[in-house]
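Overview (structure and organization)
Residue strings, one per chain:
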2 protein chains.
Amino acid sequence: MGKIRDKFRRYLSEKGLKSTQQRDIILEEFLAAGSHLSIEELYLRIREKHPNIGYATVYRTLKLFSECGIAEEHQFGDGQTRYESVIGEEHHDHLICTRCKRIIEFEDPRIETLQDEVARRHNFKIENHRLELYGLCADCQKP
Amino acid sequence: MGKIRDKFRRYLSEKGLKSTQQRDIILEEFLAAGSHLSIEELYLRIREKHPNIGYATVYRTLKLFSECGIAEEHQFGDGQTRYESVIGEEHHDHLICTRCKRIIEFEDPRIETLQDEVARRHNFKIENHRLELYGLCADCQKP
DNA sequence: CTATGTGCAAAATTTTTGCATAAAA
DNA sequence: TTTTATGCAAAAATTTTGCACATAG
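Residues numbered from 1 in each chain as written. Chains lettered and ligands numbered in written order. Predicted model: local features only at pLDDT ≥ 70, side-chain atom pairs only at ≥ 80, totals over all residues. Heavy atoms only, no water.

Quick look at the relation of the copies chain A and chain B
A rotation about some axis, followed by a shift along it, carries one copy of the chain onto the other. To keep it simple, the criterion reads: To superpose the copies, least squares is applied to the C-alpha atoms of every residue with a pLDDT of at least 70 in both. Any two residues whose heavy atoms approach within 4.5 Å at even a single point are treated as in contact.
Of the transformation placing chain A onto chain B, the axial shift is 0.0 Å and the rotation is 179°, giving an RMSD of 0.1 Å. The superposition operator between the copies reduces to a two-fold rotation axis. Nearest to the rotation axis, the C-alpha of Leu 131 of chain A is located 2.2 Å from it, this being the minimum over chain A. Most of the interface of chain A is mirrored in chain B: 100% of its interface residues are interface residues there too.

What follows is the structure, given as structure tokens:
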């Protein structure tokens, strides 16, 4: 868990950026909060304890997280950018219920293997990927 | 090719919606244009020949296309919603070059099979899916 | 006729930016 | 002390909406 914080510190110092109170607060809140938070949701949570942190700082800081590889941006199609923390966990993909908006995570190494194969066929070097299956979750299929 | 137009007509009449000049124009332009057009790009093209068609109509019509299943919405992470025509073709996925922004299409039925299996395991009913591999295309790996 | 669609401009959303001030190195 | 970060508010950018008028059925 300290790994994420270390990676962030390291990234900041490599780039000559500064470690600030706000960045620490936002990182802690980001890690404490569950996955798939929208920027607004995160901002509101932070706001509760730290009413003086601005929206722009949250935007800028999340972008930093994403650049340094500790968070991933997602667009699940509701017009809100969501971020998910990414280090330490295995990469996972998503089942997204179009009715109740529930997000279920899964992973399947066999799919990853096939992706690598596709990439190789196109001389493509994968940095990242996104697999999302949209549909109805078990509950929402019941009438 | 007439299939798409037919499906659209059928959808309109099923829903009691009307077939209008604008909808026809937008559909033709959408089909004529390559894949992955952003709403703005499409609007500008339409604008050239039909300067009186409004932005809102293009938005509303593309949403219709997507509802009736002849187009698919994509967000490739540049803040622009893109649409792609979908009928008649096999479903395909995307390799997206993060440097030159090129989009390469591919399909792999074996991946689809595994997706179905994952869905079954979660009692999930897939309506749609999206697989995007981000990274560097062959050209952009050369220094 | 009647219901739906259109165009426009205004509003709502989401994200980015400029700039004076504050804080880190 | 010099550079980078922050907060605010303003600006951009994207998408949606309200409404009077137009058009399809």
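A word on the sheet that holds strand E1 (residues 37-38) of chain B
All names here are of chain B. Put simply, the rule is: DSSP bridges decide pairing: two strands pair if at least two such bridges lie between them. For the purposes of this entry, the term helix denotes a DSSP run of H or I that reaches at least four residues, the term strand denotes a run of E that reaches at least two, and both are numbered from the N terminus. For every element, the axis is a line fit to its C-alpha atoms; helices are fit only across the contacting stretch, and the angle between N-to-C directions ranges from 0 to 180 degrees.
Pairing in this open sheet of three strands is antiparallel, and the strands run E1-E3-E2 from one edge to the other. With one partner strand each, in any of the chains shown, E1 and strand E2 (71-75) form the two edges of the open sheet. The sheet contacts of helix H4 (residues 55-68) involve E2 and strand E3 (81-85), and relative to E2 the element is tilted by about 110°.

A word on the side chain of His 92 of chain B
Residues and elements named next belong to chain B. The following threshold applies: Each residue's exposure class comes from its accessible area (1.4 Å probe, protein chains only) as a fraction of the maximum for that residue type: buried when under 20%, exposed when over 50%, partly exposed otherwise. Residues adjacent in sequence count toward polar contacts only when both atoms are side-chain atoms; beyond that, a polar contact is any pair of N or O atoms within 3.5 Å, and within protein one must be able to donate a hydrogen and the other to accept it.
Checked against the element boundaries, His 92 lands in the loop between E3 and strand E4 (93-97). Judged by relative accessible area, which is 8%, His 92 ranks as buried. A polar side-chain atom of His 92 sits 2.5 Å from a polar atom in the side chain of Glu 84.

Some details on the sheet that holds strand E6 (residues 125-136) of chain B
Spatial ordering of the open sheet is given by E5(A)-E4(A)-E6(A)-E6(B)-E4(B)-E5(B), a layout of six strands whose pairing is mixed. Sheet topology places strand E5 (103-106) of chain A together with strand E5 (103-106) of chain B at the edges, where each strand pairs with a single neighbour. Taken pair by pair, the neighbouring strands of this sheet meet at an average axis angle of 20°, ignoring direction. Most of the contacts of helix H5 (residues 109-121) of chain A go to strand E6 (residues 125-136) of chain A, to which it runs at about 130°, and overall it touches strand E4 (93-97), E5 and E6 of chain A together with E5 and E6 of chain B. Against the sheet, helix H5 (residues 109-121) of chain B contacts E5 and E6 of chain A together with E4 and E6 of chain B, and its axis sits at roughly 130° relative to E6 of chain B.

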